[in-house]
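Observations on the three-dimensional arrangement
Listed below are the residues making up each chain.
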Amino acid sequence: MTASVVDLREKFSNPNPAELELIARYAMLPENGQRERAFEAFAQTGLPHRRMEAWRWTDIKAALATVEASKTGYQCEPLPAAEATVIEFSADGIALPETLPEGLNLHPRNDPQAFGNAENVPLGAMTAALSGRVGGLDTLIVEVTGEVATPLHIICKGDRDETNFARVAIVVRPGASLDLIESHVGGAGFSSFLIEIGMQEGGEVRRTILQRGSADEVQAITGVVTLGDKSRYTQTALAFGAKVARVETRVTHKASGSHAELNAAYLCADGYHADITSHVRHGAPSSVTRQVTKGAVLDGGTGVFQGKFFVPRTVGQYTDADMQHQALLLEDGAQVFAKPELEIYADDVECAHGNTSGALDETQLFYLRQRGIPLAEARALLTEAFIAEALAEASEAVAEALLDAARSFLSETQ
């Protein structure tokens, strides 16, 4: 029996106006058991807040007092991916391509799909429940059946909208591969994107993400990835933040021999907040994870890194995992919060993590200044070189454009 809106409202602890608006939007959607379960999971916590350990530095509830339209449009052009198959989500609906490359099939679904582990991913659960507002489409299922020759480019783009919610599920069949590019360029007061990627034996996905929002909007990008036998997943993200922005990735190694690489860079100016969060479960033997995250933050900016490797006692044997986070505080007043974690119960593993923060090397700055390079340009060059490692595995189709975006930001803010 479907719970009433009043019942759901009672499950929220002291709901703020934004949560009341989300409840009202839920009430306008058709009744469905899958949708109800997702929204109930969201209702257990409501909008994430600092009293939740996983959100202690990224308080969505405080930042989103009300659901209001952004005062600005999208913040930059999407990544220039030539010959890509483009899917665009906006507050008005979804634009699908007229033709598809071989090996790629789209299955739009107007009925909600189940979302597992919803209690641990509150904004993912919220998006799964409310994504039906996007043109009546609840979930876009992307099926990859072979080696797709050209990239798939997903664009989330607003134009002074209130919200932009979207859900995509990607199924990668055995031996299939996909070059996935995402451009989340802002323009909505509250945007939330949920992507689920299920990879079967020998599948491969290279995912490249650009996130950029304005100082008056909240953005959430939530990825849930499951890896099959000998599958390979490579992710590269460049985040410039927003009023509050979070790129969250949850990876599960479900079969032996799987490999995940999670790399990210964040660049935050005054008034911008970027959160890179990941959780990797090594639920199969002989699985490998490599993670490099680098950040650079200016006065008034906030960077957050949270990474966790979880290795169960029996199935996690022979895990090989390494996590590194390094941050530059470019000016007094910059803030960086970091929490790398290893939770290991297996006894035959190789796991390591590292975390550092500091300022630019004064010796290197002096060396560049001695060769006639102005201070601002020297600082930008050193910062670019610092973060470049984290962007090295980006899609070849947009790798240079990603570096150009970082370079442009650094030249404008130094």
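Rules and cut-offs
Along each chain, residues carry numbers from 1 onward, in the same order as the chain's sequence is written. pLDDT decides what is reported in this predicted model: residues at 70 or higher carry local features, side-chain atom pairs at 80 or more are listed and counted, and totals for whole chains, interfaces and linings draw on all residues regardless. Values shown for side chains rest on all heavy atoms present in the structure; no hydrogens or waters enter the calculation. Any two strands are treated as partners once DSSP identifies two or more bridges connecting them. Secondary structure is summarised from DSSP: a helix means a run of H or I of at least four residues, a strand means a run of E of at least two, and numbering begins at the N terminus for each. Only the stretch in contact is used when a helix axis is fitted, and all axes are lines through C-alpha atoms; the angle between N-to-C directions ranges over 0 to 180 degrees. The buried label goes to any residue with under 20% of its type's maximum accessible area, the exposed label to any with over 50%, and the partly exposed label to all in between, with areas taken from a 1.4 Å probe on protein chains only. Exposure above 30% relative accessible area and the absence of a salt bridge qualify a residue for a patch, where like charges join within 9 Å and nonpolar side chains (Val, Leu, Ile, Met, Phe, Trp, Tyr) within 5 Å. Only the protein chains shown count as covering a residue, and every accessible area follows the Shrake-Rupley method with a 1.4 Å probe. Between Lys or Arg on one side and Asp or Glu on the other, a salt bridge is scored when a side-chain nitrogen of the former is within 4 Å of a carboxyl oxygen of the latter. Only four residue types enter the tally: Lys and Arg on the positive side, Asp and Glu on the negative side; His and the chain ends are excluded. Where a charge lies is defined by one atom per residue type, namely NZ (Lys), CZ (Arg), CG (Asp) and CD (Glu). The arc refers to the directions leading from the helix axis to the C-beta atoms. Between the rings of Phe, Tyr and Trp (Trp by its six-membered ring), a pair exists once the centres lie within 6.5 Å; its type follows the angle of the planes, with under 30 degrees stacked, over 60 edge-to-face, and the other angles tilted. By the criterion adopted, a ring carries a charge over it if an Arg CZ or a Lys NZ lies within 6 Å of its centre and within 35 degrees of its normal. Left-handed describes a crossing whose near helix is turned anticlockwise from the far helix through less than a right angle; right-handed describes the clockwise counterpart. We call two residues in contact whenever any of their non-hydrogen atoms come within 4.5 Å of each other. We define a polar contact as two N or O atoms separated by no more than 3.5 Å, with the added condition that, inside protein, one atom must be a possible hydrogen donor and the other a possible acceptor, whereas residues neighbouring each other in sequence contribute only through side-chain atom pairs.

This part covers the sheet that holds strand S6 (residues 161-172). Taken in spatial order, the 9 strands line up as S3-S4-S6-S8-S10-S12-S14-S16-S18 in an open sheet, and their pairing is mixed. What marks the edges here is a single partner per strand, and that holds for strand S3 (104-109) and strand S18 (335-344). Shown here is a sheet whose adjacent strand axes are inclined to one another by a mean of 10°, direction ignored. As paired strands, strand S4 (residues 139-144) and S6 are joined by 5 bridges and run parallel to one another. For Val 144, the partnering residue across the bridge sits in S6 and is Val 172.

A large share of strand S9 (residues 204-211) lies buried, amounting to 6 of its 8 residues. With 8 bridges joining them, strand S7 (residues 177-184) and S9 adopt parallel strand pairing. For Ser 177, the partnering residue across the bridge sits in S9 and is Glu 204. With 8 bridges connecting them, S9 and strand S11 (residues 232-239) associate as parallel partners. Within S11, the residue paired with Arg 207 across the bridge is Gln 235.

To continue, consider a negative patch on the surface. The grouping of Asp 270, Asp 299, Glu 331 and Asp 332 at the surface amounts to a negative patch. Along the polypeptide, Glu 331 turns up in the loop between strand S17 (320-329) and S18.

Glancing now at helix H2 (residues 17-27). Each α-helix winds once per 3.6 residues, and so residues spaced three or four apart point in a common direction. Restricting attention to buried positions, one finds in H2 the residues Ala 18, Glu 19, Leu 22, Ile 23, Arg 25 and Tyr 26. On an axial view of H2, the arc spanned by its buried residues comes to 160°, and they lie on one face.

Attention now goes to the packing of aromatic side chains. For the structure shown, the criterion picks out 9 aromatic pairs. Each ring, one from Phe 12 and one from Phe 42, has its centre 5.6 Å from the other, and the planes form 75°; the classification is edge-to-face. Separated by 30 residues along the polypeptide, Phe 12 in the loop between helix H1 (5-11) and H2 and Phe 42 in helix H3 (residues 33-45) bring together distant segments of the chain. With a relative accessible area of 0%, Phe 42 lands in the buried category. The structure contains a cluster of three or more aromatic residues connected by ring pairs, namely Phe 12, Tyr 26, Phe 39 and Phe 42. Sitting over the ring of Tyr 74, Lys 157 keeps its end group 4.1 Å from the ring centre. Sitting over the face of the ring of Tyr 367, Arg 371 holds its NZ or CZ atom 3.7 Å from the ring centroid.

Turning to the pairing of strand S12 (residues 244-253), a few remarks are in order. The buried fraction of S12 amounts to 9 of the 10 residues, a majority that puts the element mostly inside the structure. Inspection of the sheet shows S12 paired to strand S14 (residues 273-282) by 9 bridges, in the parallel sense. Counterpart to Arg 250 in the pairing with S14 is His 279.

Let us look at the sheet that holds S7. Overall, mixed pairing links the 10 strands, which are arranged S2-S1-S5-S7-S9-S11-S13-S15-S17-S19 in an open sheet. Either end of the sheet is taken by a strand with one partner, and the two such strands are strand S2 (93-95) and strand S19 (350-358). The sheet shows a mean angle of 10° between the axes of neighbouring strands, taken without regard to direction. Pairing of S17 with S19, which is carried by 9 bridges, proceeds in the parallel orientation. Bridge pairing in S19 places Ala 321 opposite Cys 351.

At a minimum axis distance of 9 Å, the contact between helix H7 (residues 375-388) and helix H8 (residues 399-413) shows a crossing angle of 145°. As for the relative orientation of H7 and H8, their crossing is right-handed in sense. Where H7 abuts H8, its residues Ala 380, Thr 383, Glu 384, Ile 387 and Ala 388 lie against Leu 403, Ala 406, Arg 407, Leu 410 and Ser 411.

The subject of this paragraph is unusual backbone geometry. The backbone of Asn 14 sits at a positive phi, close to 50°, despite the residue not being glycine. Position of Asn 14 among the secondary structure elements: in the loop between H1 and H2. Residue class for Asn 14 comes out exposed when judged on its relative accessible area of 66%. Despite not being glycine, Asn 117 shows a phi value in the positive range, around 60°. Examined against the element boundaries, Asn 117 turns out to sit in the loop between S3 and helix H5 (122-130).

The next subject is the side chain of Ser 183. Position of Ser 183 relative to the elements: it lies in strand S7. In this structure Ser 183 comes out as buried when scored by relative accessible area, which is 0%. In terms of polar contacts, Ser 183 uses its side chain to reach the backbone amide nitrogen of Leu 79, at 3.0 Å. Contact partners of Ser 183, with chain neighbours within four places excluded, come to Pro 78, Leu 79, His 153, Ile 154, Ile 155, Cys 156 and Leu 210.

Keep in mind these values describe shape, not function.
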